[in-house]
Amino acid sequence: MIIINPINQQRLWKTIQELGKIGAGSNVTEEGVTRLALSLEDLEARKYVIQLMEESGLDVRVDSVGNIIGKLEGKDKNAPVVMTGSHVDTVYQGGLFDGALGVLGGIEAVRSIKELGIELTHSIEVVSFTDEEGARFGTGYIGSKAMTGYLDEATLNLKDANGITYSEALRQAGFDATQYKLAIRKPEEIKAYLEMHIEQGKVLEEHELAVGVVTTIQGPVWLEVTLNGHPDHAGATPMNMRKDASLAMAEVMLEVERISTNYEGVGTVGKTHVEPGGVNIIPGRAVFSIDLRHGDKELRSKMVDEVTKAINEICERRDIIAEIDMKKAVDPATCSESIVGMLEDSCAELNISTMKLPCGAGHDSLMMTKVTEMGMIFVRSKDGISHNPKEWTDEEDCVIGTQVLLQALIKLAK
């Protein structure tokens, strides 16, 4: 079944703009949208999503960790559900589209199915997951972790900048943190998970394409590296007698670039700090982050091993002591081949040009692969900008992505 242009473009765009007003700054120093998980702004956004789902004719429930689930009932109530969605929480001063497009586009797609009177065998659930970003408590995917059984009690004890624990934040929002395991869904309950998301990169724009089909999601490894040298006088210490931690860090940074390029992965040193920090003092201590990502777990492990080896060799040569602490490791995920093919077929049927590409950012899809088949639709981002007030996706591209999502949902749920 091919449904041509049923998406209500004005309605979809209106919901994106309305949701974008929640948490938006009121002056130039507060640009962008800030809806940290379980904050007052996030709670207001959640009310908006629930209202929109109800207006669209969906049966709405909220699970024990706050995942909002809107359901369009299929003919076979015992059949596993087809799930789509994303999140509406944001980073500090984020944009209108990250996460929000997947939730609002999912609602619009299912609303269109209902309005067209299309009967499907499988029920469709649109999910707005709790705290994908992790901006408030330092760790994300909370809703999808809970749904897949990977949320632990230690996470609930994390604190935000104001000393509020995750458990307290959930309680303040009306949830009982001790009941988080009630959110778990069994694999046999879910036929597939499909997520539409802005690309957050420039690949589609470079190829002049509105949408792309994701093949893999790169899993990040985060390292915190501390290099301990010796602070000395910048003028009185000869170059061959220095234990300069900042120069060792600079060498490591270049090795991260070389190794990541060789493995066709990505590597980033995003945070740096040197001490004592005086203009005339040789840095005796350097602390920095390394973010390594690859769609293949084995190759990513080799990247980590080579970076670690490089750090140790550089520090041995410079007589510096290194400490390496792994802060985070998320397995990469592979999209279902059958769903990738089905998405390509959907684009072809709709006469929409597309391409396959990897995903470099983390999404709730990473967690959902632990319980079901998964696929992702990427929608073009202007200049590749995301997590930024200038984040932008054209109205027409939002509609094209939602059209592909609609076509795919019908195929999966028929």
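Here's a quick rundown of the structure. (Residues numbered from 1 in each chain as written. Predicted model: local features only at pLDDT ≥ 70, side-chain atom pairs only at ≥ 80, totals over all residues. Heavy atoms only, no water.)

1. Thoughts on the overall build of the protein chain
Put simply, the rule reads: Put simply, DSSP marks the helices as runs of H or I at least four residues long and the strands as runs of E at least two long, and each gets a number from the N terminus on. Each radius of gyration is computed over the set of C-alpha atoms, and the globule rule expresses the reference value as 2.2 Å times the number of residues to the power 0.38. When a residue's accessible area, from a 1.4 Å probe over protein chains only, is under 20% of the maximum for its type it is buried; when over 50% it is exposed; and in between it is partly exposed. The contact rule is simple, with two residues in contact once any of their heavy atoms fall within 4.5 Å. The Shrake-Rupley method, run with a 1.4 Å probe sphere, supplies the accessible areas, and residue values consider only the shown protein chains as cover. Only four residue types enter the charge count: Lys and Arg as positive, Asp and Glu as negative, with His and the chain ends excluded. Lysine's charge is taken at NZ, arginine's at CZ, aspartate's at CG and glutamate's at CD.
What the protein chain contains, in helices and strands, is 12 helices and 14 strands. The globule rule puts the C-alpha radius of gyration for 414 residues at 22 Å, and the 23 Å found for the protein chain is close to it. Counting only residues that meet the buried cut, the protein chain has 54% of its 414 residues in that class. Long-range contacts, defined here as pairs at least 24 residues apart, represent 79% of the contacts in the protein chain between residues at least 6 apart. Looking at the protein chain as shown, the accessible area adds up to about 18500 Å², and 48% of this sits on carbon and sulfur atoms. Both charge centroids of the protein chain, one from 42 positive and one from 64 negative side chains, sit 3 Å from each other.

2. Some words on the side chain of T402
Our working rule: Under this definition, polar contacts are N or O atom pairs within 3.5 Å; protein pairs additionally need one hydrogen-donor-capable and one acceptor-capable atom, and for neighbouring residues in sequence, both atoms have to be side-chain atoms.
Relative to the assigned elements, T402 resides in helix α12 (residues 395-413). Within polar-contact distance, the side chain of T402 engages the backbone oxygen of C398 at 2.7 Å. Setting aside its immediate chain neighbours within four residues, T402 contacts I7, L12, G105, E108, A109 and M196.

3. Brief notes about the pairing of strand β5 (residues 190-198)
Formally: Any two strands are treated as partners once DSSP identifies two or more bridges connecting them.
Burial analysis of β5 places 8 of its 9 residues in the buried class, which makes it a mostly covered element. Note that strand β3 (residues 81-87) and β5 share 4 bridges and pair parallel. Its bridge partner lying in β5, V81 is registered against I190. As paired elements, β5 and strand β14 (residues 373-379) share 7 bridges and run parallel to each other. Of the residues in β14, the one forming a bridge with I198 is V379.

4. Remarks on helix α2 (residues 40-55)
Definition in use: The span one expects for a helix is its residue count, reduced by one, times 1.5 Å. Read the arc as the range of directions from the helix axis to the C-beta atoms.
Given a rise of 1.5 Å per residue, 16 residues ought to cover 22 Å, and the 23 Å separating the end C-alpha atoms of α2 matches this to within 8%. Among all positions of α2, only D42, A45, R46, Y48, V49, L52 and M53 are buried. Summarising the axial view, the buried residues of α2 lie within an arc of 160°, below the 170-degree limit, and thus occupy one face. In α2, the exposed positions that point more than 90 degrees away from the buried face belong to L40, K47 and E54. Along its buried surface, α2 packs onto α1 (9-21), β1 (59-62), β2 (68-72), α3 (100-115) and β4 (124-129). Where α2 terminates, the next one or two residues include G57, which has phi positive at roughly 85°.

5. Re helix α9 (residues 297-318)
Here α9 spans 32 Å end to end across 22 residues, near enough to the 32 Å set by a 1.5 Å rise per residue. Within α9, burial applies to R300, M303, V304, V307, A310, I311, I314 and C315. One face of α9 carries all of its buried residues, which in axial projection span an arc of 125°. Across from the buried face of α9, at angles greater than 90 degrees, the exposed residues are E298, D305, K309, E316 and R317.

6. A word on the packing of helix α10 (residues 337-349) against α12
Filter applied, for reference: Axis angles are defined between N-to-C directions and span 0 to 180 degrees, where every axis is a line fitted to C-alpha atoms and, for a helix, only to the segment in contact. Should an angle fall under 35 degrees it is called roughly parallel, over 145 degrees roughly antiparallel, and 65 to 115 degrees roughly perpendicular, with every other angle called oblique. Handedness of a crossing is defined here by the sense of rotation of the near helix relative to the far one, left-handed for an anticlockwise turn of less than a right angle and right-handed for a clockwise turn. Put simply, Ala, Val, Leu, Ile, Met, Phe, Trp, Tyr, Cys and Pro go in the nonpolar bin, Asp, Glu, Lys and Arg in the charged bin, and everything else, Gly too, in the polar bin.
Between α10 and α12, the least distance of the axes is 9 Å, while the angle of their chain directions is 120°. Compared by their axis directions, α10 and α12 come out oblique. Considering the relative orientation of α10 and α12, their crossing is right-handed. Across the interface between the two elements, M342, L343, S346, C347 and E349 of α10 pack against V404, Q407, A408, K411 and L412 of α12. Across the contact of α10 with α12, the residue classes tally to 6 nonpolar, 2 polar and 2 charged.

7. Digging into the packing of aromatic side chains
The condition that has to hold: In this analysis, rings of Phe, Tyr and Trp, with Trp reduced to its six-membered ring, are considered paired at centre separations within 6.5 Å, and the interplanar angle assigns stacked below 30 degrees, edge-to-face beyond 60, and tilted for intermediate values. Only when the NZ of Lys or the CZ of Arg is both within 6 Å of the ring centre and within 35 degrees of the ring normal is a charge said to sit over the ring.
Counted according to the given criterion, the structure contains 5 aromatic pairs. A centroid spacing of 5.6 Å and a plane angle of 75° characterise the contact between W13 and W392, whose relative ring orientation is edge-to-face. Within this pair, whereas W13 is found in helix α1, its partner W392 is found in the loop between β14 and α12, the two being separated by 379 residues in sequence. On the basis of relative accessible area, W13 is assigned to the buried category, the value being 15%. Taking relative accessible area as the criterion, W392 reaches 31% and is therefore assigned partly exposed. In textbook terms, an aromatic cluster arises when at least three aromatic residues are bridged by ring pairs, as seen for W13, F97 and W392. We note K328 situated over the ring of W222; from NZ or CZ to the ring centre the distance is 4.1 Å.

8. Quick look at the side chain of S86
Among the secondary structure elements, S86 is positioned in strand β3. The exposure class of S86 is buried, given its relative accessible area of 0%. Looking at S86, its side chain comes within polar contact range of the side chain of E195, at 2.8 Å. The residues contacting S86, other than those within four sequence positions of it, are G99, G102, V103, V127, S128, F129, Y193, E195, H197 and D364.

9. What about the packing of α1 against α3?
Axis angle and axis distance: for two packed helices, these are the angle between their axes and the distance between the axes, and together they describe the pair. Where α1 contacts α3, the two axes come as close as 10 Å, and the packing angle between them is 145°. By crossing handedness, the relation of α1 to α3 is classed as right-handed. Facing α1, whose interface residues are R11, L12, T15, I16 and L19, α3 presents A100, L101, L104, G105, E108, R111, S112 and E115. Residue classes in the contact of α1 with α3 are distributed as 6 nonpolar, 3 polar and 4 charged.

10. Quick word on unusual backbone geometry
The step from E275 to P276 runs through a cis peptide bond, and the omega angle for that step is 5°. Within the element layout of this structure, P276 appears in the loop between β9 (272-275) and β10 (285-294). The phi torsion at D131 lies on the positive side, around 45°, for a residue other than glycine. Mapped onto the elements, D131 comes out in the loop between β4 and α4 (142-148). Here H387, not a glycine, exhibits a phi torsion of approximately 55°, which is positive.

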